[in-house]
Amino acid sequence: MKKLFTLLLAAIMVLSLAACDAKHDAEYIKGNGKVLVGITIYEPMNYYDEAGNLTGFDTEFAQAVCEKLGLKAEFVEINWDTKEVELNAKSIDCIWNGMTITEERAANMSISVPYVKNAQVIVVKADSAIVATADLIGKTVVAEIGSAGEAQIKGEDANADLAQAEYVGMAKQTDCLMEVKAGTADAAVLDWTLAKSMVGEGTDFADLKMVADLELATEEYGIAFRKDSNFTAEVDAAIKALVADGTLPALAEKYGLALAPAIAG
């Protein structure tokens, strides 16, 4: 019993120290002179252009915010499934990669003001006869592990039809598209923001399409920092300034995205 009490006390002390440390996140990050931005390759948010340069809405957005704060944005590719572990281990300072805001994430991390609207959509082959979620009962459906798309298939609020599909989790949303293209999956559930840029005529996945007029869930993106981080408020202030000077609306137009109502004005 004494040993158990000692272990519990040690755990409480570790959590308390972590919370205290997060309250000085701004000082820690500014002391390094840069923000370690955790991303995955996910067009149009963060991706490499034909010249091999990292670009995208979130890439340019992060650079603009960091410039406002007098810091440098340094991008770090992460495993999306372990993003919170990397954040808390300080391998990165934030998750800035089209991350859907959820109650669970808001409880475990400090999240910025919502900045972009999104939805979950279903992608199938261009010649597919699938027109509704009911058509996917018993079929193979893929989604990125830990994503909002996965939550539509196996979460507490999963779509009733998709919950009856054969689900296969993938490491990245682009992997999901490749599975559908190869015919090893009947459909993929993923972000509208990605699908609109990567699916259809003139893209690498010209033989795929979004199921017309079918959105499973609307959501908003946010930037995640360590729980209780005092850096979040500084980023929110920079975002507000970028909206006011027209930078963020121009970026949204450039990438064909819609700003979240909270900042759109």
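All figures in this text were calculated on a predicted structure; none of them were measured in a lab.

A. View of the pairing of strand E7 (residues 116-125). The buried count for E7 comes to 8 of 10 residues, which makes it a mostly enclosed element. Bridge analysis of E7 against strand E11 (residues 208-226) gives 9 bridges, and the strand direction is antiparallel. Counterpart to Val123 in the pairing with E11 is Met210. Sheet analysis places E7 next to strand E10 (residues 187-191), joined by 4 bridges and oriented antiparallel. By the bridge assignment, Val121 is partnered in E10 with Leu190.

B. View of the side chain of Gln152. Relative to the helices and strands, Gln152 resides in helix H6 (residues 148-154). We classify Gln152 as buried; its relative accessible area is 12%. Beyond its immediate stretch of four places on either side in the chain, Gln152 contacts Gln120, Asp157, Ala158, Asn159, Leu162, Val189, Leu216 and Ala217.

C. Structural view of helix H9 (residues 231-244). Helix length check: H9 (14 residues) gives 20 Å between terminal C-alpha atoms against 20 Å at 1.5 Å per residue, within 8%. What H9 keeps buried is the set Phe231, Thr232, Val235, Ala238, Ile239 and Leu242. The buried side chains of H9 occupy one side of the element, clustering within an arc of 120 degrees when seen end-on. Those residues of H9 that are exposed and angled more than 90 degrees off the buried face are Ala233, Lys240 and Ala244. Of the residues one or two after H9, Gly246 is the one with positive phi, at around 90 degrees.

Reading guide: rules and limits
- Residues numbered from 1 in each chain as written.
- Predicted model: local features only at pLDDT ≥ 70, side-chain atom pairs only at ≥ 80, totals over all residues.
- Heavy atoms only, no water.
- Buried < 20%, exposed > 50% of the residue type's maximum accessible area, 1.4 Å probe, protein only.
- Helix = DSSP H or I, 4+ residues; strand = E, 2+ residues; numbered from the N terminus.
- Pairing = 2+ DSSP bridges.
- Contact = heavy atoms within 4.5 Å.
- Expected span 1.5 Å × (residues − 1).
- Arc of directions from axis to C-beta.

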